[in-house]
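Overview (structure and organization)
Below, each chain spelled out in residue letters.
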Amino acid sequence: MTDEAGQPRIVPMIVVVPPNALLLDLAGPMEVLRKANLVQQAVHFSVRYVGASANVISSIGLALCDIAPLPHTLPLGAMVVISGCADEPLVVDGSPPSPRDSKAEAEIIAWLRDTVQPGTKLITICSGALFAAKAGLLEGYSCTTHHANIADLRKLAPTATVLENRLFVEDKNRLTSAGITTSVDLMLSLIAKEVGHVTALTVARYLVVYLRRAGGDPQLSPWLEGRNHIHPAIHRVQDAVTADPTHSWSVDAMADIAMTSRRTLSRLFNEHTGISVTDYVNRMRMALARELVINSRLDMEAIAERCGFASARQFRRAWNRLYQSPPHLLRRVDEKMG
């Protein structure tokens with residue numbers, strides 16, 4: 001994804017800091033971006049903090065300073081991130097509570113309305129969705145927010161489809177999360193799409209977020225299945241398979257990566273992941289296949305070929321071992337939800 005000169009693709013991240021900003025809403029997803037910048041060179045996320053005030057008090061009473069003014073225009077390809085805010089920040093050392101700054105909030109809402117276009121990727125964390133709703137930016141989209149703000153979001157965005165019990169929701173260029181820790185899940189999903197699953201997995205391991213989750217699925221993401229361990233040789237094998245699940249992986253080839261015998265690899269893999277090494281390869285192929293079923297119009301034969309299966313029949317047999325419904329029904333359900 002680097003350009004012809006070998007330079008990384010720059011993704012401007014314009015992070016809006018509201019008054020009384022929830023600090024974890026900011027720190028969580030920004031740590032994901034920081035680590036993603038460190039572990040690969042293809043994409044660089046360039047972060048800029050902006051707001052209606054140069055200095056704000058965060059939710060935990062810590063002052064945030066030197067915040068840049070809200071820009072008149074956005075850089076090409078910029079993504080806008082807006083965090084939630086706390087109604088009652090932590091009072092530190094007996095200092096007076098930080099009052100709600102309605103003027104600054106109104107300025108942010110007006111800026112969002114005037115600056116964020118339909119093609120701009122807007123990412124809201126927690127009650128940040130309420131700012132977007134007041135700016136009219138969620139009308140006609142599916143979205144979510146913190147469970148305490150669901151009713152307010154429905155009132156503020158009457159034509160939006162507000163979903164409950166969702167970690168995060170992605171609808172075209174609108175990404176909304178339930179907030180706080182789920183902002184990490186949302187940002188890991190974004191990293192997977194912008195840079196790749198290997199980078200997302202690396203960042204998740206660094207953050208010790210072993211149970212990385214998908215927005216509409218409370219279950220463990222298949223890309224992180226069997227990762228709740230710290231054995232470096234097994235992680236090397238898993239990283240290699242995840243990077244290229246369609247490769248014709250033999251146990252011998254994977255044992256070479258682990259620098260063990262094939263017998264030792266099989267034993268260690270079962271011990272640390274709970275599944276066999278060949279089952280792991282098939283599950284990664286199925287994870288890729290599931291994404292293609294949902295996000296493409298490819299027929300099942302083409303999907304089977306792209307995911308490394310010998311035939312559509314072999315693909316369907318592997319699918320039926322993991323899922324109760326056939327792939328074409330999953331595509332139909334996803335189309336109805338869209």
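Since the structure is predicted, the reported quantities are computational estimates derived from the model, not experimental observations. (Residues numbered from 1 in each chain as written. Predicted model: local features only at pLDDT ≥ 70, side-chain atom pairs only at ≥ 80, totals over all residues. Heavy atoms only, no water.)

Some points on the overall build of the protein
Helix and strand counts for the protein come out as 13 helices and 13 strands. Scaling as 2.2 N^0.38, a compact globule of 338 residues should have a C-alpha radius of gyration of about 20 Å, and the protein matches this with 22 Å. If you line up the protein on its principal axes, its C-alpha atoms span 65 × 45 × 45 Å. Split into buried and exposed, the 338 residues of the protein put 49% on the buried side. (Helix = DSSP H or I, 4+ residues; strand = E, 2+ residues; numbered from the N terminus. Rg over C-alpha atoms; globule rule 2.2 N^0.38 Å. Buried < 20%, exposed > 50% of the residue type's maximum accessible area, 1.4 Å probe, protein only.)

With respect to the packing of helix α8 (residues 251-258) against helix α9 (residues 262-273)
At a minimum axis separation of 9 Å, α8 and α9 run at an interaxial angle of 80 degrees. Between α8 and α9, the crossing angle belongs to the class labelled roughly perpendicular. Residues Val251, Asp252, Met254, Ala255 and Ala258 of α8 form the contact with α9, whose participating residues are Arg262, Leu265 and Ser266. (Axes fitted to C-alpha atoms, helices over the stretch in contact; angles between N-to-C directions. Parallel < 35°, antiparallel > 145°, perpendicular 65-115°, else oblique. Contact = heavy atoms within 4.5 Å.)

Notes on the domain arrangement of the protein
What the domain assignment reports for the protein is domain 1 (9-207) and domain 2 (222-336). For domain 1 and domain 2, the distance between their C-alpha centres works out to 33 Å. At the interface, five residues of domain 1 touch eight residues of domain 2. In total, about 640 Å² of surface goes out of reach between domain 1 and domain 2, with carbon and sulfur atoms giving 71% of it. Among the residues domain 1 hides against domain 2, the three largest losses belong to His197, Leu201 and Arg205. Together they make up 76% of the total. The tally of links between domain 1 and domain 2 comes to zero salt bridges. Across the contact surface, domain 1 and domain 2 share zero residue pairs in polar contact (both at pLDDT 80 or more). Residue composition of the side of domain 1 that touches domain 2, grouped by class: three nonpolar, one polar and one charged. (Domains from an automatic or database assignment. Buried area = accessible area lost by both parts, 1.4 Å probe. Salt bridge = Lys/Arg side-chain N within 4 Å of Asp/Glu carboxyl O. Polar contact = N/O pair within 3.5 Å; in protein donor to acceptor, adjacent residues only side chain to side chain. Nonpolar A, V, L, I, M, F, W, Y, C, P; charged D, E, K, R; others polar.)

Some remarks on the confidence of the model for the protein
Of the residues in the protein, 92% reach a pLDDT of 70 or more, and the chain-wide mean stands at 88. Within the model, pLDDT remains below 50 along residues 334-338, and this stretch shows three contacts once partners closer than five positions in the same chain are excluded. (pLDDT = per-residue confidence, 0-100.)

Quick notes on a nonpolar patch on the surface
Taken together, Ile60, Leu62, Leu90 and Val92 make up a surface patch of nonpolar side chains, about 340 Å² in accessible area. The topology assignment puts Val92 in the loop between β6 (79-82) and α2 (102-115). Note on Val92: relative accessible area 33%, which makes it partly exposed. (Patch = residues over 30% accessible without salt bridge, like charges linked within 9 Å, V, L, I, M, F, W, Y side chains within 5 Å. Areas by Shrake-Rupley, 256 points an atom, 1.4 Å probe, with all protein chains shown as cover.)

Overview of the nonpolar core
Of all hydrophobic cores here, the largest spans 38 residues; its most connected members are Met13, Phe45, Ile123 and Ile191. Within the residue set of this core, elements represented by two or more residues are β1 (9-16), α1 (23-39), β2 (43-51), β6, α5 (182-194) and α6 (197-206). For this core, the element with the highest residue contribution is α5, accounting for seven residues. Excluding its chain neighbours within four sequence positions, the residues that come into contact with Met13 are Leu33, Phe45, Ser46, Val47, Arg48, Met79, Val81, Ile123 and Leu190. Counting residues in each nonpolar core, the second largest holds 29 residues, with Val50, Trp111, Ala129 and Leu138 among its members. (Core = buried A, V, L, I, M, F, W, Y, C linked by side-chain atoms within 4.5 Å.)

Let's talk about the pairing of strand β7 (residues 121-124)
Side-chain alternation along β7 places Lys121 and Ile123 on one buried face and Leu122 and Thr124 on a second face that is also buried. Sheet topology places β6 next to β7; four bridges connect them, and they run parallel. Bridging from a neighbouring strand, Val81 pairs with Ile123 of β7. In the classification by handedness, the crossover that spans β6, the intervening α2 and the parallel β7 is right-handed. Inspection of the sheet shows β7 paired to strand β11 (residues 174-177) by three bridges, in the parallel sense. The residue bridging Ile123 from the neighbouring strand is Leu175, located in β11. (Pairing = 2+ DSSP bridges. Right-handed = clockwise from strand over helix to strand, strands pointing away.)

Notes on the sheet that holds β6
Within the open sheet, the seven strands sit side by side as β5-β2-β1-β6-β7-β11-β10. Their pairing is mixed. A single partner strand is all that each edge strand has here, and the edge strands are β5 (68-69) and β10 (168-171). Strand contacts of α1: β1 and β2, with the helix running at about 150 degrees to β2, the strand carrying the most contacts. Here α2 sits on the sheet in contact with β1, β6 and β7, set at roughly 155 degrees to β6.

As for the packing of aromatic side chains
If you walk through the whole model with that rule in mind, you get four aromatic pairs. Their ring planes at 45 degrees and their centres at 4.5 Å tell us that Trp319 and Tyr323 sit as a pair that is tilted. Given the relative accessible area of 1%, Trp319 is considered buried. Using a relative accessible area of 25% as the deciding quantity, one classes Tyr323 as partly exposed. (Phe/Tyr/Trp six-rings, centres within 6.5 Å; stacked < 30°, edge-to-face > 60°.)

Points about α6
When we look at burial in α6, the residues that qualify are His197, Thr199, Ala200, Leu201, Val203 and Ala204. Looking at the buried residues of α6, the elements they touch are α1, α5, α7 (232-243) and α10 (277-295).

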